[in-house]
Amino acid sequence: MDRLTTNKDVSEMSMCELAHNSCYAKEGWARYRDYEMDIDARDLARDLLKRYADGDDAFTDDEYFGEYMNDALQYGMNDIEGRIALFYRNLWAMADLRERLKYYEDLEEQGKLLKLPCAVGNTVYTNYAMQGWHLKKKDRPYEVKVVFIGINGVDNCMHVAFDNGCMIQCWFSDIGKTIFLTREEAEAALKELERGKGE
């Protein structure tokens with residue numbers, strides 16, 4: 001997937017890049033930027049209130065301004081102040097979302113974001129059962145719970161537990177071979193194995 005966030009200067013951004021990065025956070029505050037301005041979202045909303053809603057200069061206190069904008073949301077689209085409050089809320093929400101996405105995109109770019117095939121506690125399926133200390137192939141899928149996922153950077157593993165308390169370790173590369181994420185995949189693998197025996 002292509003990266004959506006960027007640290008480029010606005011003058012170097014395409015229209016699409018700017019659309020995904022026009023709202024951002026700086027020192028904990030939401031900001032809006034385009035090719036002509038870079039402004040605190042509160043100041044932009046204050047300016048809109050002065051221009052279109054006959055707002056006065058009483059909004060210099062940030063805490064009071066936040067309360068005022070929150071109260072104005074009750075008017076929704078029926079009132080210009082409600083519209084400006086909605087616009088302001090969307091600015092800081094977009095800034096929050098952009099910063100969260102940027103965090104994960106940075107991790108992915110650094111090779112630190114791991115996409116797991118399943119999570120601890122998920123049910124997966126295997127066509128093997130524990131017999132003492134040995135694994136024995138069976139003719140039906142067994143439901144097992146993922147109890148541990150280990151990351152080593154080479155072939156990551158997971159430990160799965162049977163109802164009887166026995167556990168086996170499976171490598172991520174075993175997924176689709178001896179461990180399956182759905183019952184249907186496990187059953188299809190069994191049928192394929194049976195077909196192979198018949199030939």
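Asker: Report on the overall build of the protein, specifying residues and quantitative values.
Answerer: Per the secondary structure count, the protein includes five helices and eight strands. The order of helices and strands in the protein, counted from the N terminus, is α-β-β-β-α-α-α-β-β-β-β-β-α. Taking 2.2 N^0.38 as the reference for a compact globule, 199 residues should give roughly 16 Å; the C-alpha atoms of the protein span a radius of gyration of 27 Å, well beyond that estimate. The principal-axis extent of the C-alpha atoms belonging to the protein is close to 80 × 40 × 30 Å. Taking all 199 residues of the protein together, 34% fall into the buried category. Sequence separation of 24 or more characterises 41% of the internal contacts of the protein that already satisfy a separation of 6 or more. When the accessible area of the protein is evaluated, it comes to approximately 13,300 Å², of which 51% is carbon and sulfur surface. Each charge class in the protein was averaged separately, 26 positive and 38 negative side chains, and the resulting centres sit 9 Å apart.

Asker: Go over a negative patch on the surface with me, naming the residues and quoting the values.
Answerer: Taken together, the side chains of D61, E63, E67 and D71 define an acidic patch exposed on the protein surface. Examined against the element boundaries, D71 turns out to sit in helix α3 (residues 62–72). The exposure class of D71 is partly exposed, given its relative accessible area of 48%.

Asker: Go over a nonpolar patch on the surface, please, and point to the residues and values.
Answerer: On the surface, Y103, Y104 and L113 cluster together into a nonpolar patch covering about 290 Å² of accessible area. The topology assignment puts L113 in the loop between α4 (80–109) and β4 (123–131).

Asker: Please give an account of the nonpolar core that cites residues and values.
Answerer: If you look at the biggest cluster of nonpolar residues, it comprises 18 residues, and the most contacted ones within it are A45, L49, F65, M69, I84 and Y88. Within the residue set of this core, elements represented by two or more residues are α2 (41–52), α3 and α4. Filtering out sequence-adjacent residues up to four positions away, M69 remains in contact with A45, L49, I84, A85 and Y88. By size, the runner-up hydrophobic cluster in this structure holds 13 residues, among which are C118, Y142, V160 and F172.

Each value, and the rule that gives it
Residues numbered from 1 in each chain as written. Predicted model: local features only at pLDDT ≥ 70, side-chain atom pairs only at ≥ 80, totals over all residues. Heavy atoms only, no water. Helix = DSSP H or I, 4+ residues; strand = E, 2+ residues; numbered from the N terminus. Rg over C-alpha atoms; globule rule 2.2 N^0.38 Å. Buried < 20%, exposed > 50% of the residue type's maximum accessible area, 1.4 Å probe, protein only. Contact = heavy atoms within 4.5 Å. Areas by Shrake-Rupley, 256 points an atom, 1.4 Å probe, with all protein chains shown as cover. Lys, Arg positive; Asp, Glu negative; His and termini not counted. Charge placed at Lys NZ, Arg CZ, Asp CG, Glu CD. Patch = residues over 30% accessible without salt bridge, like charges linked within 9 Å, V, L, I, M, F, W, Y side chains within 5 Å. Salt bridge = Lys/Arg side-chain N within 4 Å of Asp/Glu carboxyl O. Core = buried A, V, L, I, M, F, W, Y, C linked by side-chain atoms within 4.5 Å.

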